[in-house]
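Structure assessment
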Amino acid sequence: MAAIITGDNPGGDNLQELKKVSFDYNYPNDLDLRPGSKLHQKLITRIWNRANESAKHMSSRFTSWREMDKFLTAYKAVDDEEADVLEDDPRKPVSIVFPYSYAIRETLLAYMMAAFFRDPIFRYEGYSPDDVVGAILLEQVIRLHTTKFKAMLNLHTMFSDSFTYGIGVVAPYWKTTSKGDFSGNALRNIDPYMYLPDPNVPADKIQEGEFVGWIRNTNYMDLLTEETNNEDMFNVKYLRNLTHRRTAIRTYDNSDRDKRSGMTRSHNYILNPIDEIPIYIKLIPKEWGLGDKETPEKWLFRLAADSVIITARPADFDHDKFPVAVCAPDFDGYSPAPLSRLEILGGLQGVLDWLFNSHIANVRKAINDMIVYDPYAINSADLRDPKPGKLIRARRPLWGKGGLQNYVQQLQVNDVTRANVADSSWIVQWMQKIGATDDAAMGSLRTGGPERLTAQEFKGTATGAVSRLERIAKVIGLQAMQDIGEFFADHTQQMMDDEMYVRVTGTWSEVLLEEFEQQISRGRMTVSPDDLNVMYDVVVRDGSIPGGNFSDIWLRMFETIASEPNLAQTFDTVKIFKHIARNSGAKNVNEFVRRGGNMQANVQPDANVRQQAAAGNIVPIAS
C-alpha cells in the first residue's frame, strides 16, 4: 500500500459553483457520481491523495531536470552586465551553453533509431506450429498501425526523455481516426514532469505498484467532443463554467523547456485550458463503494479540474496490466526516477560552460582599450571616440610642449584564460568517454600526422563504442519495447473487430504467399480478427544496428564454405549470405530473392543430354 496523506479538500474551490448547476447523466452501474455527492467526493479524495503523494516524490527531481533543460538550449539568460554589453554592441559575444550535452543526446538518439526503427518495428513469433502464420499476420497488422499513427515519433520522444530525465514514458491505447475509418494501436507520450507513478516501486516495475497516472493538459471542447463519442465518459458539462480548472497538485508546467524557444504557454481562461488526471488504480470495489467484488481489480479514473470525475470504470484489459511502458536505460533497479545519462554528465557540462564563457569574457575585455590618462592634459571626448583614424587633442596648457606620452598609457592585459580552450577539449573527451559517444560514434575521426587513425584502430574504437551503445539498446528493448510490443498485440487481439487489408512484405512474405496464395491480390490480403487469435512471443531486438557488426570475418568464412563442397553441403550458404547482407545494412534481403521458383543447374555430359532429350525427359529452355 502506498503512503497516503490527506489533501486539503481537493477541488473545494469549485464545489459552490458545481452546486448551482445540474445535468441529466446516466452513470454506470447506478452509481451516484454526481459532482458533490458523497461517493463522488470520496473518490476524488482518494484519487487526488495518491496523485499528490506521487507528485511530492517526483518533484524532488525537478531542480535537476530543469538544469538539463538549460543545458539543452543554446543560450543563457544574460545578467545586467552582459545586457549592457549587448545594448552597446549586439555583435559582441556573451555567455552561452556549450551544446555538448545536446550533441551527446543526438548521438544516442541516432543509435536508438538505427537499432529499433527497422521494418517492422515490432516482431512476433508463434508459440507452436499452429500459431506461426497467425503471428506473422499479427506482425503485419501492427506494422500498419505503427505507420498509420506515426508511432516512431512517439518512440523518439520516449528515447529523448529517457536520456534527458532518466525516464521516458508512453501510454499505448486503441485509437480511431476522426473519420472513424481506421482503428489501431497508438502511443501517447507522458511528460516526465507530469508523470504520477507509485513511488514505492522502481521505474522498471510499475506493474507491481498500486497505481500509475499522469497530468494531461486538455480543454473543454476536446473533452466535450470525446464525451459525445465515448459512452464511458460523463460529467464533462459541469466543467464549462468552473473558475479553477488547473490542478493544485503542482504548477502548470515545471519544466524550463519553453526557455529554449523564448516562448511561454498561455494560461488564459479564454482558451479553455483544463488539467485532467487519468489514473489507473488497483482497488477492491466494495471498499471504494463501486460494487460488491471483494477481490482487487484495476480501475481507470479521469479527474478533471481536481473536482469532477469524468470516467470511472474497470480497466477491462485482457492483459490485466497498467497500460503504461517506461524506458529507463540508466535505471538502478530501485529508484522510481533514476538519474539520466545527461544528469551524470551535468557537472562536466557546467565546467565546460564556465571554461568557455570565462574565456569569451576575458577576450571581450582584452579587445577593449584600457587606458589611464590625465583628464587635465587630454581631451576626454576625443579619447572616448570609438571611430578609427580619430584625432585626440591635448589641453591648451600643453600645446607645443610635447611629452604627451607621460599623460596617457594603455594598460597591459594578459589573457589568463588562454588555456581554457585546451581544457575544454579535455572536458569534452571525458564527456564522450562517460557518455559512450566517442568520436567514432559521433562520426568524426582523428586525422593528421604520424598518429593518423588506422583502419584497425578505427575498427577497435568503433566496436567498443557500439558494444556500449548496444548495451543501452538491449536494456531499452527489454524494458519499454517489449512491453509496448505486448500491449500492441494484446490490444489488437482484444479490440480489433473488423477485417483489415495488409501488405504481404517483410521477412515472412514467402510463408504468407505459400499459405494464402489464393487470397492475395496485388501484394495485399485481408486479415480478420479470428486470424490473429494465436499465442505469440515478442521478438526483442538485440540492440545491434544494420552495418554495426563488421562482417569481414563472415565474408572470409562464406568464401571458404562456398569453395569447399563438404562445407557447402553442411551449411546453408543462402542463409549465411542473408545474415552477412543484414549485418552490412541491407534492410530487407528477401526483396532481392527471385519469385516463381528457382532453377537448379546440373551439368551433364553431352551424350547424356542428347539421350535424355531423345527420350523427352528434357526440353530446351526456349520451348
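Values in this document were obtained by computation on a predicted structure and should not be read as measured data. (Residues numbered from 1 in each chain as written. Predicted model: local features only at pLDDT ≥ 70, side-chain atom pairs only at ≥ 80, totals over all residues. Heavy atoms only, no water.)

1. Comments concerning the pattern of salt bridges
The line we're drawing: Only one rule defines a salt bridge in this text: a Lys or Arg side-chain nitrogen within 4 Å of an Asp or Glu carboxyl oxygen. Every helix listed is a DSSP run of H or I at least four residues long, and every strand listed is a run of E at least two residues long, numbered separately from the N terminus. Exposed residues in this analysis have more than 50% of their type's maximum accessible area, buried residues have under 20%, and partly exposed residues fall in between, with area computed by a 1.4 Å probe over protein chains only.
Inspection of the entire model under this criterion finds 16 salt bridges. Among the ionic pairs, Arg-50 bridges to Glu-210, the shortest N-O distance being 2.9 Å. On the criterion of sequence distance, the pair formed by Arg-50 in helix H2 (residues 38-58) and Glu-210 in the loop between strand E4 (195-197) and strand E5 (211-214) is long-range, its members being 160 residues apart. With respect to class, Arg-50 is no different from Glu-210; both count as buried. The salt bridge involving Glu-297 is made with Lys-293; its shortest N-O contact spans 3.4 Å. Linked through salt bridges whose partners overlap, the residues forming this network are Arg-216, Glu-226, Glu-276 and Arg-302.

2. Structural notes on empty space enclosed by the protein
Stated precisely, the cut-off is as follows: For cavity detection a 1 Å grid was placed over the protein atoms alone, and a set of points counts as a cavity when a 1.4 Å probe fits there but cannot get out; an open set counts as a pocket when protein lies on both sides within 12 Å along at least five of seven lines, with lining residues being those that have an atom within 4 Å of a point. Grid points are joined across faces, edges and corners, and a volume is the space filled by probe spheres set on the points. Throughout, the ten residues Ala, Val, Leu, Ile, Met, Phe, Trp, Tyr, Cys and Pro are labelled nonpolar, Asp, Glu, Lys and Arg are labelled charged, and all others, Gly among them, are labelled polar.
Tallying each qualifying case throughout the model produces 1 cavity of 30 Å³ or more. Estimates place the volume of the largest cavity at around 60 Å³. What lines the largest cavity is simply Phe-116, Ile-121, Phe-122, Gly-477, Met-481, Gln-482, Val-538, Val-539, Val-540 and Arg-541. Mapped by element, the contributors of at least two residues to the lining of the largest cavity are helix H15 (455-495) and strand E15 (536-539). Here the lining of the largest cavity gets 3 residues from one element, more than from any other, and that element is H15. Of the residues assigned to the lining of the largest cavity, the class counts are 7 nonpolar, 2 polar and 1 charged.

3. What to know about the environment of Ile-136
Inspection of the secondary structure assignment puts Ile-136 in helix H6 (residues 132-148). The buried category is assigned to Ile-136, whose relative accessible area is 1%. The spacing of Ile-136 and Arg-123 is 13 residues in sequence and 8.3 Å in space, taken between C-alpha atoms.

4. Notes on the confidence of the model for the protein
Spelled out, the test is: What pLDDT reports is the predictor's confidence in each residue, on a scale of 0 through 100. Pairs of residues are marked as contacts when any of their non-hydrogen atoms sit within 4.5 Å.
Averaged over all residues, the pLDDT of the protein is 82; the fraction at 70 or higher stands at 79%. Mean pLDDT across the elements of the protein bottoms out in helix H4 (residues 80-88) (65) and peaks in E5 (98). Throughout residues 1-7 the model reports pLDDT below 50, and contacts reaching past four residues in sequence, or to other chains, amount to 18 contacts.

5. Details of the nonpolar core
Note the cut-off: Side-chain atoms within 4.5 Å are what join buried Ala, Val, Leu, Ile, Met, Phe, Trp, Tyr and Cys residues into a set we call a nonpolar core.
Within the largest apolar cluster, 64 residues are counted, with the highest numbers of intra-cluster contacts made by Tyr-124, Phe-159 and Ile-484. A total of 9 residues in this core trace back to one element, the largest contributor, which is H15.

6. Thoughts on the sheet that holds strand E10 (residues 325-327)
Threshold: Two strands form a pair only when DSSP identifies at least two bridges running between them. Convention adopted: a line fitted to C-alpha atoms gives each axis, helices being fitted over their contacting stretch, and angles between N-to-C directions are expressed from 0 to 180 degrees.
Reading across the sheet, the 3 strands line up as E3-E2-E10 and stay open at both edges, with antiparallel pairing between neighbours. At either end of the open sheet lies a strand with only one pairing partner, and these are strand E3 (183-190) and E10. In this sheet, adjacent strand axes meet at a mean angle of 30° when their direction is disregarded. Where strand E2 (residues 168-176) lies against E10, 3 bridges are found, and the strand directions are antiparallel. By the bridge assignment for E10, Val-169 is matched with Val-326. Packed on one face of the sheet, helix H7 (residues 151-165) meets E2, E3 and E10 and runs near 25° to E3.

7. Brief notes about helix H8 (residues 220-229)
Here is the rule we go by: Read the arc as the range of directions from the helix axis to the C-beta atoms.
Every buried residue belonging to H8 is among Tyr-220, Leu-223 and Glu-227, and all of these are buried. Seen along its axis, H8 keeps its buried residues to an arc of 65°; they face one direction. Of the residues in H8, the exposed ones pointing more than 90 degrees away from the buried face are Thr-228 and Asn-229. Close packing links the buried residues of H8 with strand E6 (216-219), strand E7 (273-283), strand E8 (297-304) and strand E9 (308-314).

8. A look at the layout of surface pockets
In this structure, the largest pocket occupies an estimated 1,200 Å³ of space. Forming the boundary of the largest pocket are 31 residues, of which Tyr-173, Trp-174, Arg-188, Glu-226 and Asn-230 lie nearest the centre. Elements supplying a minimum of two residues to the lining of the largest pocket: E2, H8, E7, E8, E9 and H15. Its residues placed into classes, the lining of the largest pocket shows 13 nonpolar, 7 polar and 11 charged.

9. A look at helix H13 (residues 420-435)
Operational definition: Any helix carries an expected span of 1.5 Å times its number of residues minus one.
Over its 16 residues, H13 runs 22 Å from end to end, which matches the ideal 22 Å to within 8%, given 1.5 Å per residue. Along H13, the residues that are buried comprise Asn-420, Ser-424, Ile-427, Val-428, Met-431, Gln-432 and Gly-435. Around the axis of H13, the buried residues are gathered within 145° of arc, so they sit on the same side. Away from the buried face of H13 by more than 90 degrees, exposed residues Ala-422 and Trp-426 are located. In the segment just after H13, Ala-436 is the residue with positive phi, at about 60°.

10. Describing a nonpolar patch on the surface
We apply this condition: Patches were defined on residues exceeding 30% relative accessible area and lacking a salt bridge, with like-charge contacts within 9 Å and nonpolar side-chain contacts (Val, Leu, Ile, Met, Phe, Trp, Tyr) within 5 Å. To be clear on the numbers: accessible area is Shrake-Rupley with a 1.4 Å probe, and residue cover counts the displayed protein chains and nothing else.
Together, Leu-339, Ile-344, Trp-426, Trp-430 and Ile-434 line one region of the surface with nonpolar side chains, adding up to about 520 Å² of accessible area. The biggest single contributor to the nonpolar patch is H13, with 3 residues. With respect to the helices, strands and loops of the structure, Trp-426 is situated in helix H13.

11. Observations concerning unusual backbone geometry
The amide bond that connects Asp-119 to the next residue, Pro-120, takes the cis arrangement and shows omega of 0°. Within the secondary structure, Pro-120 sits in the loop between helix H5 (100-116) and strand E1 (123-126). One non-glycine residue with positive phi stands out, namely Asp-316, at about 60°. Position of Asp-316 among the secondary structure elements: in the loop between E9 and E10. We classify Asp-316 as exposed; its relative accessible area is 56%.

12. Structural notes on the pairing of E2
Pairing of E2 with E3 involves 8 bridges; the strand directions are antiparallel. By the bridge assignment for E3, Tyr-173 is matched with Ala-186. Adjacent in sequence and paired antiparallel, E2 and E3 are bridged by 6 residues, among which Gly-180 carries a positive phi angle near 75°.

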